[in-house]
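What follows is the residue order along each chain.
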Amino acid sequence: MPTATFAAGCFWGVESRFASTPGVTSTAVGYMGGDTENPTYQDVCNKTTGHAEVVQLEFDDQKISYDTLLDIFWQMHDPTTLNRQGPDIGDQYRSAIFYHDDHQRIMAEQSKVVLDKSGIFGNPIVTEITPASRFWRAEEYHQQYHAKNGRGGCSI
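The sections below set out a description of the structure shown in this document. In this text, all values refer to a predicted model and were calculated from it rather than measured experimentally.

**So, the sheet that holds strand β2 (residues 24-32)**
Across the sheet, which stays open at both edges, the six strands sit in the order β7-β6-β1-β3-β2-β8 with mixed pairing between neighbours. Each edge of the open sheet carries a strand with a single partner, namely β7 (128-131) and β8 (136-137). This element, helix α3 (residues 66-75), spans β1 (3-8), β2, β3 (52-59) and β6 (95-99) of the sheet and lies at about 10° to β1.

Structure representation (structure tokens):
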């Protein structure tokens, strides 16, 4: 199964949205894009790791395309706010697409350009598009947080 990795703010709501998407076969929340090895949630919250809160998912590309996943990503958050989503502030909440191959990179870059030119967001898109690096799985209590605990906490 192909893998996709997105950062769009607090990972609980992002995971919840992707987990409920037909064609997405698995999701996990974690950290990516920084320098600290084996980071904890506390490490990431201290804003010293460079990691973003991410959702890594596997999907059945016969049932859902990467383009459709990108559409969902763009719709679920404000990609024009740097290091922030709603009340959550810090580089761990940045908007980012971590691509796993050249096809994903090209699709992500093209979709960003089209949306930016459309003016739909009113401000320039600041989403970073960068190669996927090592995925550090978050602590178990973060996995499927909304499914286990209801819709409390952050939302998208």
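**Description of the environment of Ser26**
In this structure, Ser26 sits in strand β2. Residues within four places of Ser26 in sequence aside, it is in contact with Gln56, Leu57 and Glu58.

**Re unusual backbone geometry**
A positive phi angle, near 50°, is found at Asn38, a position not held by glycine. Summarising the element assignment, Asn38 is placed in the loop between β2 and α2 (41-45). The phi dihedral of Asn83 is positive, around 55°, even though this residue is not glycine. Relative to the assigned elements, Asn83 resides in the loop between α3 and β4 (84-85). You can call Asn83 partly exposed: its relative accessible area is 26%.

**Examining the packing of aromatic side chains**
For the structure shown, the criterion picks out eight aromatic pairs. Ring geometry for Phe6 and Tyr66: centres 6.1 Å apart, planes at 20°, overall stacked. With Phe6 in strand β1 and Tyr66 in helix α3, this residue pair connects regions lying 60 residues apart in the sequence. By relative accessible area, Tyr66 is classed as buried at 5%. Ring plane angle 5° and centroid distance 3.6 Å describe the contact between Trp12 and Tyr145, whose orientation is recorded as stacked. Residue Trp12 is found in helix α1 (residues 11-19), and its partner Tyr145 is found in helix α5 (residues 145-149); the two are separated by 133 residues along the sequence. Per residue, the accessibility class of Trp12 equals that of Tyr145, and both read buried. Between Arg134 and the ring centre of Trp136, over which it is positioned, the NZ or CZ distance is 3.8 Å.

**Some thoughts on α3**
Within α3, the full set of buried residues consists of Tyr66, Leu69, Leu70, Ile72, Phe73 and Trp74. Buried residues belonging to α3 abut β1, α1, β2, β3, β6 and α4 (102-118).

**Looking at the side chain of Arg94**
Within the secondary structure, Arg94 sits in the loop between β5 (88-89) and β6. Looking at Arg94, its side chain comes within polar contact range of the main-chain oxygen of Gly50, at 2.9 Å. Looking at Arg94, its side chain comes within polar contact range of the main-chain oxygen of Asp91, at 2.8 Å.

**Quick look at the state of the cysteines**
The final tally for this structure, using the stated rule, is zero disulfides. Just so you know, Cys45 is unpaired, no disulfide at all, and the nearest cysteine sulfur is the one on Cys10, 9.2 Å from it.

**Side note on the pairing of β7**
By the bridge criterion, four bridges tie β6 to β7 in an arrangement that is parallel. The residue of β7 that forms the bridge with Ile97 is Ile129. The parallel pair β6 and β7 is bridged by α4, and the resulting crossover is right-handed.

**Describing α4**
Since there are 3.6 residues in each turn of an α-helix, residues three or four apart along the chain are aligned in direction. For α4, built from 17 residues, the straight-helix expectation of 24 Å at 1.5 Å per residue is met to within 8% by its first-to-last C-alpha distance of 24 Å. Buried within α4 we find Gln104, Met107, Ala108 and Ser111. Axial view of α4: buried residues confined to an arc of 100°, hence all on one face. Set apart from the buried face of α4 by more than 90 degrees, the exposed residues are Asp102 and Lys117. Considering only its buried residues, α4 is in contact with β1, β3, α3, β6 and β7. N-capping of α4 is provided by Asp101, with a side-chain oxygen placed 3.2 Å from the backbone N of His103.

Reading guide: rules and limits
Residues numbered from 1 in each chain as written. Predicted model: local features only at pLDDT ≥ 70, side-chain atom pairs only at ≥ 80, totals over all residues. Heavy atoms only, no water. Pairing = 2+ DSSP bridges. Helix = DSSP H or I, 4+ residues; strand = E, 2+ residues; numbered from the N terminus. Contact = heavy atoms within 4.5 Å. Axes fitted to C-alpha atoms, helices over the stretch in contact; angles between N-to-C directions. Buried < 20%, exposed > 50% of the residue type's maximum accessible area, 1.4 Å probe, protein only. Phe/Tyr/Trp six-rings, centres within 6.5 Å; stacked < 30°, edge-to-face > 60°. Lys NZ or Arg CZ within 6 Å of the ring centre and 35° of its normal. Polar contact = N/O pair within 3.5 Å; in protein donor to acceptor, adjacent residues only side chain to side chain. Disulfide = S-S within 2.5 Å. Right-handed = clockwise from strand over helix to strand, strands pointing away. Expected span 1.5 Å × (residues − 1). Arc of directions from axis to C-beta.

Geometry only, nothing functional implied.
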